[in-house]
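Below are the chains, spelled out letter by letter.
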Amino acid sequence: MAADVEILSRRGRVTRLALAVYGTLIYVFLFGPIVLLVLFSFNANRYGTFPVTAWTLKWYRAAVSDYQIHDAVATTLKVAGEVTAISVVVGTTAAFPLVRSRLRWRDGVRVGLVLPIMIPGLLIGVSLLVLFTGPLHWQLSPQTAVIGQSVYTTPFVILLVSARLQGFDRALERAAADLGANAFNRLRFVVLPLILPAIIAGALLAFTLSLDEFIITYFLIGTNITLPIFIYTQIKFGITPEVNALASMLLAASLLVLALAFALPQVIRASRRAVRFGTGRRAARITA
Amino acid sequence: MAVTATPASQASEAESGRAGIELRGVTKRYGGNVALREVDLEIRDGEFFCLLGPSGCGKTTTLNLIGGFVGPTEGTIWLRGRRIDNLPPHKRPVNTVFQSYALFPHMSVRDNVGFGLRMDGVKRAEASQRVNEALALVGLEDYGDRTPAQLSGGQQQRVAVARALVKRPAVLLLDEPLGALDLKLRQRLQVELTQIHREVGTTFVYVTHDQEEAMSMADRIAVMNLGVIEQLGTPFEIYRRPTSRFVADFIGDANFFDVNVDGSVAVLSDGTRVPLEGARTSGPATLMVRPESLRIGDADSAPAGAVPGRAVKSSFLGTRVRVAVHTEASVVPLMVAMHGEAQSSVPAEDAEIAVWWAPEDAIVLDSSRGES
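Residues numbered from 1 in each chain as written. Chains lettered and ligands numbered in written order. Predicted model: local features only at pLDDT ≥ 70, side-chain atom pairs only at ≥ 80, totals over all residues. Heavy atoms only, no water.

**Some points on the domain arrangement of chain B**
All names here are of chain B. Each assigned domain of chain B is listed with its residue range as follows: domain 1 (7-93 + 169-245) and domain 2 (253-365). Taking only C-alpha atoms into account, the centre of domain 1 sits 34 Å from that of domain 2. Listed as interface residues are eight residues of domain 1 and, on the opposing side, 11 residues of domain 2. Together, the buried faces of domain 1 and domain 2 total about 800 Å²; carbon and sulfur atoms form 46% of this surface. Of all residues in domain 1, Tyr239, Arg241 and Arg245 give up the largest surface area on contact with domain 2, accounting jointly for 67% of the area buried on that side. For the pair domain 1 and domain 2, the interface holds one salt bridge. We note a salt bridge from Arg240 to Asp361, for which the minimum N-O separation is 3.1 Å. Between domain 1 and domain 2 we count four residue pairs in polar contact (both at pLDDT 80 or more) in total. When its residues are assigned to classes, the side of domain 1 that touches domain 2 shows three nonpolar, two polar and three charged. (Domains from an automatic or database assignment. Contact = heavy atoms within 4.5 Å. Buried area = accessible area lost by both parts, 1.4 Å probe. Salt bridge = Lys/Arg side-chain N within 4 Å of Asp/Glu carboxyl O. Polar contact = N/O pair within 3.5 Å; in protein donor to acceptor, adjacent residues only side chain to side chain. Nonpolar A, V, L, I, M, F, W, Y, C, P; charged D, E, K, R; others polar.)

What follows is the structure, given as structure tokens:
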């Protein structure tokens, strides 16, 4: 590394500096507003802007004790939970034929199933709204929003589980069959444990996406409100510090779930190792 | 003439009155390709049986048919008198050691080995004891708590063997189980596998393309080519009495002559008349002589029926010296292997010499078979 720097020409050094500044600016552009939002949520100034008059937690207290927010959080979590369940079940079962079957239009079917990621949420929202309220005469409710969000989140699970299945060694299933495992036991003891990390990652991703999904939900949830919709309605009357606090908490929750999504597979692996070493040590002690 | 069985196969013959596995008229087609062509095969109970052949000869298909991973297009498969070709793999008393081992990466060695017993609902205490026995059999008693990723290739291979044997199958199928290992380790595991076979007495059906491996382990070998069994016999029979040019060529090294058989004499293409053992039907044929059966000497001191030639090149190969001899009797140079004290009389390059052999070492092959 040091050698690299030494042989760098003067112009090279200037270029490198310019790139570093450019990169920093992009980061500031991306994350500056979020930092400000979090900063203002602790600001005692009741207009929620500069100057920072004093540090306080009262906006958080206000947000936590607001019954409207309680309702919104409850609805959001309920919707996110149901969306996660549907996405995982539908996405995982869809991934198997997409990877393994000799379906005639397999590639076409795959594109079709994954397309909702690229279709504008507006389109999903409006088209389902027309379907539900028109031909089906359904009452809009959190359940209709769950259906709409699942259309959008399921493809993510499909993609993650498919990728895992693609690299799955089919010889393991043949070995399990050879050792007396029927189809259910092969799935239960060999296939599912090995694709579990992808399923968990898919579930957490679906949960996070659902948590702050706005467009589809806005069209389909009717008179109920989720947290993003609540924030939106509040902002219509001006940005209050309470909204800042709420958004900050939403941010923290999203980050936490995402961190879990990435960390969990490692944690599982590490805990397995710990268990193994644990038993190993015990065995060693017994023999010693 | 020693066409009799080796001691090992005599023993297995004595132990078993009936066929362990039987294939009757089995054909397997994949679309338009014929992988196996009306194969009839009997494998005796308790024997170490090798399916040997080049890739695409149908040996792995045969194994998969016995294991139940593919079904026959035509024909039936029987195990100890019971028809099994209509049973799924998990209902056959047959277990497999896969080429890639196929150990479950998320389970410990102990759980891998115990998997089959768990599927069968064997009680915990008994299962645990049998797992211990299986691990002891392959010398891995102390490795039960590791995962497959923490084992070397040879150890993984042993786990695969233990996992397949713990269910006490009627037949153990092994699909090129040593293919991924280096030569030294392979040789050691060959010895270990034959020891394990002797210890457990289960029928082993072993697929390989390595003729040395097959020769060193098997009681009997079926040499396969293009979906048919070319020859079936003990390693000794197959090496010394090949019935087709393909088998002679595939097992060990061989020199071939295009000859015209005339009673008890074969006429080589250079006009040399060599005596044969016994009388044969007259006509064109292929004569095969192993490199180690050839003798080299001065042209003037050679016996009758010696082929005149010229030494082209000699190579020192440690246990033997290989001499290439150009003759008028064959297009490619003859390969002569000189062992022991004979190595001191290796001819100089370009020396005019003669090559001869004992009549019983020359095998007359039907020239129409095995030409592909």
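**Comments concerning the sheet that holds strand E2 (residues 33-44) of chain B**
In a beta sheet, neighbouring strands are held together by backbone hydrogen bonds and run either parallel or antiparallel to one another. Residues and elements named next belong to chain B. The four strands are arranged E2-E1-E4-E5 in an open sheet whose pairing can be described as antiparallel. The strands lining the two open edges of the sheet, one partner per strand, are E2 and strand E5 (82-83). On the sheet, helix H2 (residues 59-67) packs against strand E1 (19-30), E2 and strand E4 (74-79) and is oriented at approximately 115° with respect to E1. (Pairing = 2+ DSSP bridges. Helix = DSSP H or I, 4+ residues; strand = E, 2+ residues; numbered from the N terminus. Axes fitted to C-alpha atoms, helices over the stretch in contact; angles between N-to-C directions.)

**Details of the sheet that holds strand E19 (residues 352-356) of chain B**
Residues and elements named next belong to chain B. The strand order across the open sheet built from five strands is E15-E19-E16-E17-E18, with neighbouring strands paired in antiparallel fashion. Here the strands that pair on one side only, and so sit at the sheet edges, are strand E15 (295-298) and strand E18 (334-339). Each adjacent strand pair in this sheet contributes to an overall mean axis angle of 45°, direction not counted. The sheet contact formed by strand E17 (residues 320-327) and E18 spans six bridges and is antiparallel. What sits directly across from Val323, in E18, is Val336.

**Some details on the interface of chain A and chain B**
Contacts between the two partners involve 24 residues from chain A and, on the opposite side, 26 residues from chain B. Of the roughly 2100 Å² buried where chain A meets chain B, counting both sides, 63% is carbon and sulfur surface. The interface formed by chain A and chain B includes zero salt bridges. Our count for the contact surface shared by chain A and chain B stands at five residue pairs in polar contact (both at pLDDT 80 or more). Those elements that provide at least two residues to the side of chain A that touches chain B are helix H8 (170-178), helix H9 (183-211) and helix H12 (241-287) of chain A. In terms of residue count, the dominant contributor to the side of chain A that touches chain B is H8(A) (seven residues). Taken together, the residues of the side of chain A that touches chain B break down into 13 nonpolar, five polar and six charged.

**Notes on unusual backbone geometry**
Here A:His137, not a glycine, exhibits a phi torsion of approximately 55°, which is positive. Structurally, A:His137 can be placed in the loop between helix H6 (121-133) and helix H7 (142-166). One non-glycine residue, B:Ala102, lies in the positive phi region at around 50°. Considering the arrangement of structural elements, one finds B:Ala102 in the loop between strand E6 (94-97) and helix H3 (109-119). Residue classification places B:Ala102 among the buried residues on the basis of a relative accessible area of 2%. (Buried < 20%, exposed > 50% of the residue type's maximum accessible area, 1.4 Å probe, protein only.)

**Points about the pattern of salt bridges**
Residues and elements named next belong to chain A. In the structure shown here, the tally under the stated rule is 19 salt bridges over all chains. One salt bridge connects Glu173 with Arg100, and the closest N-O pair in it is separated by 2.7 Å. Note that Glu173 is positioned in helix H8 and Arg100 in helix H4 (residues 67-100), a separation of 73 residues in sequence. Judged by its relative accessible area of 10%, Glu173 is buried. Its salt-bridge partner being Arg170, residue Glu173 comes within 3.1 Å of it at the nearest N-O pair. Taken together, the positions of Glu173 and Arg170, both in helix H8 and three residues apart, correspond to about one turn of that helix.

**Considerations on the nonpolar core**
Counting 43 residues, the largest nonpolar core has B:Val113, B:Tyr206, B:Ile221 and B:Val223 as the members making the most contacts within it. Residue contributions to this core peak at six residues, all from helix H5 (residues 153-165) of chain B. (Core = buried A, V, L, I, M, F, W, Y, C linked by side-chain atoms within 4.5 Å.)

**Describing the domain arrangement of chain A**
Residues and elements named next belong to chain A. Assigned domains of chain A: these are domain 1 (2-41) and domain 2 (67-263). Once you take the C-alpha centre of each, domain 1 and domain 2 turn out to be 35 Å apart. The interface of domain 1 with domain 2 comprises five residues on the first partner and five residues on the second. Both faces combined, the contact of domain 1 with domain 2 buries some 430 Å², and carbon together with sulfur accounts for 71% of it. When the area that domain 1 buries against domain 2 is broken down by residue, the three leading residues are Leu37, Phe40 and Ser41, summing to 75%. Our count for the contact surface shared by domain 1 and domain 2 stands at zero salt bridges. Linking domain 1 with domain 2 are one residue pair in polar contact (both at pLDDT 80 or more), by the criterion used here. When its residues are assigned to classes, the side of domain 1 that touches domain 2 shows four nonpolar, one polar and no charged.

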